[in-house]
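# Structure at a glance
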Amino acid sequence: MEQGSEVFRALADPTRRALLDGLFSRDGQTLNELCQHFPEMTRFGVMKHLSVLAEADLVITARQGRTKRHYLNPVPIEQVANRWISKYAARFTSALVALDDQMIAGHETEESRRPESA
Amino acid sequence: MSLNAHVYQIYIAASPEQVWAAVTESEWTRRYFHTTSFVEPPQQGKTYRTVGVDGRPAIDGVIEEMQPPAGGSPGRFVQTWHTLYDAALEQEPPSRVEWTIENAGEGLTRVRLVHGNLDHSPLTWENVKDGWVWILDSMKTLLETGHPLPRVRDDQSLTVPVSS
């Protein structure tokens, strides 16, 4: 699967977004620490979500002695934003700017016409 | 690894040797790393210093480890990181940047970057957080297309210039 698809799939789930938010506010948490944010979920459930995030490269694990810590990797989100979001945002903004230009032009034409008709 | 670290990972369609050159050789760094280059070629155990294209000092520190990728084992480039480009950041103690450059398949390299030892450098922690994302993306783009990312303007986030 293309990397972008994995990122969108990973972000589609509210629990996984909450896991990313948890790492955003405090990076480098262990599985136990992350599980505490989701008392209603089993440890296995949290692990499954973490593995989807890891497949999308959004979460990186690193061992520190016997402890496995989880880190948020912001790179794939930035790439998806560059590839998919800024392009459309820019087009939308430029369309608004063009519309604005037309309205100003139209307004000026009307203004310049008015003295003649008066 | 320090708990207070930033961790980044990116895949680049290039060989580990090409990525290694991009990280350690000035001819490459000045094209994607805010124009900065090493004053002297970096050497393990020696101090280093980088400067911008205008000659202004950027970073200095010590190269703690410099092991190019070879025979399937990953490349390791570990540098202490003391900021010179900003007076407030300059007051903070050195942190540590660790590059690990590893083959991830035919023509594919995995780059992992850990910026750690930031426990006593809160300003640096905040300053480099988003900066590395851009540097890594720009390095990837340069290696894959031959051109770095265009420079980002502060006012460019959501608006486009009105064509005249």
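For clarity, every value in this text was computed on a predicted model and none was experimentally measured. (Residues numbered from 1 in each chain as written. Chains lettered and ligands numbered in written order. Predicted model: local features only at pLDDT ≥ 70, side-chain atom pairs only at ≥ 80, totals over all residues.)

### Looking at the overall build of chain A
In terms of helices and strands, chain A carries five helices and two strands. Counting from the amino terminus, chain A carries its helices and strands in the arrangement α-α-α-α-β-β-α. Taken across its 118 residues, chain A has 19% of its residues classed as buried. The long-range fraction of contacts in chain A, counting pairs at least 24 apart against all pairs at least 6 apart in sequence, stands at 54%. (Helix = DSSP H or I, 4+ residues; strand = E, 2+ residues; numbered from the N terminus. Buried ≥ 20, exposed ≤ 12 C-beta atoms within 10 Å, placed from the backbone. Contact = placed C-beta atoms within 7 Å.)

### Focus on the overall build of chain B
What chain B contains, in helices and strands, is four helices and seven strands. Ordering the α and β elements of chain B from the N terminus gives β-α-α-β-β-β-β-α-β-β-α. Residues classed as buried in chain B amount to 29% of the 164 residues present. Sequence-distant contacts in chain B: of pairs separated by 6 or more residues, those separated by 24 or more amount to 48%.

### Describing the domain arrangement of chain A
Residues and elements named next belong to chain A. Per the domain assignment, the segments of chain A are domain 1 (3-73) and domain 2 (74-118). In terms of residues, the side of domain 1 that touches domain 2 owes the most to one element, helix 1 (residues 3-11), which gives three residues. Residue composition of the side of domain 1 that touches domain 2, grouped by class: four nonpolar, three polar and one charged. (Domains from an automatic or database assignment. Nonpolar A, V, L, I, M, F, W, Y, C, P; charged D, E, K, R; others polar.)

### Comments concerning the nonpolar core
Soluble globular proteins: nonpolar side chains tend toward being buried together. If you look at the biggest cluster of nonpolar residues, it comprises 40 residues, and the most contacted ones within it are A:Leu53, A:Val59, B:Tyr8, B:Val19, B:Val111, B:Leu113 and B:Leu136. When neighbours within four sequence positions are excluded, A:Leu53 is seen to be in contact with A:Ala10, A:Arg16, A:Leu19, A:Leu58 and A:Val59. (Core = buried A, V, L, I, M, F, W, Y, C linked by C-beta atoms within 7 Å.)

### Here we look at unusual backbone geometry
Despite not being glycine, A:Asp57 shows a phi value in the positive range, around 70°. Checked against the element boundaries, A:Asp57 lands in the loop between helix 4 (43-55) and strand 1 (59-64). With a phi close to 65°, B:Thr35 is a non-glycine residue in the positive phi region. Its location among the elements puts B:Thr35 in the loop between helix 2 (26-32) and strand 2 (37-38).

### Looking at the pairing of strand 2 (residues 67-72) of chain A
Summarising the sheet, strand 1 of chain A and strand 2 of chain A pair through six bridges and their orientation is antiparallel. Bridge pairing links A:Thr61 to A:His70 in strand 2 of chain A. (Pairing = 2+ DSSP bridges.)

### Some points on the pairing of strand 6 (residues 95-105) of chain B
Residue and element names in this part refer to chain B. Both strand 5 (residues 75-83) and strand 6 contribute to a ladder of seven bridges, which runs antiparallel. Within strand 6, the position partnered with Gln79 by the bridge is Val97. Where strand 6 meets strand 7 (residues 108-116), nine bridges bridge the pair, whose relative direction is antiparallel. Directly across from Gly105, in strand 7, lies its bridge partner Leu108. Between the antiparallel neighbours strand 6 and strand 7 lie two residues, among them Gly107 with a positive phi of about 65°.

### Describing the packing of helix 2 (residues 14-25) of chain A against helix 4 of chain A
Residue and element names in this part refer to chain A. Running from N to C, helix 2 and helix 4 cross one another at 75°; their axes reach a closest spacing of 10 Å. Taken together, the axis directions place helix 2 and helix 4 in an arrangement best described as roughly perpendicular. From helix 2, Thr15, Arg16 and Leu19 reach across to helix 4, where they touch His49, Leu50, Val52 and Leu53. Residue composition of the contact of helix 2 with helix 4, by class: four nonpolar, two polar and one charged. (Axes fitted to C-alpha atoms, helices over the stretch in contact; angles between N-to-C directions. Parallel < 35°, antiparallel > 145°, perpendicular 65-115°, else oblique.)

### Brief notes about helix 2 of chain A
Residues and elements named next belong to chain A. With twelve residues, helix 2 extends 16 Å between its outermost C-alpha atoms, agreeing within 8% with the 16 Å of an ideal straight helix rising 1.5 Å per residue. Buried within helix 2 are the following residues: Arg16, Leu19 and Leu23. Angular distribution of buried residues about the axis of helix 2 spans 55°; they occupy a single face of the element. Every exposed residue of helix 2 that faces more than 90 degrees away from the buried side is listed here: Pro14, Asp21, Phe24 and Ser25. (Expected span 1.5 Å × (residues − 1). Arc of directions from axis to C-beta.)

### Regarding the confidence of the model for chain B
Of the residues in chain B, 90% reach a pLDDT of 70 or more, and the chain-wide mean stands at 90. No element of chain B has a lower mean pLDDT than helix 4 (residues 122-145) of chain B, at 93, and none a higher one than helix 1 (residues 16-24) of chain B, at 98. (pLDDT = per-residue confidence, 0-100.)

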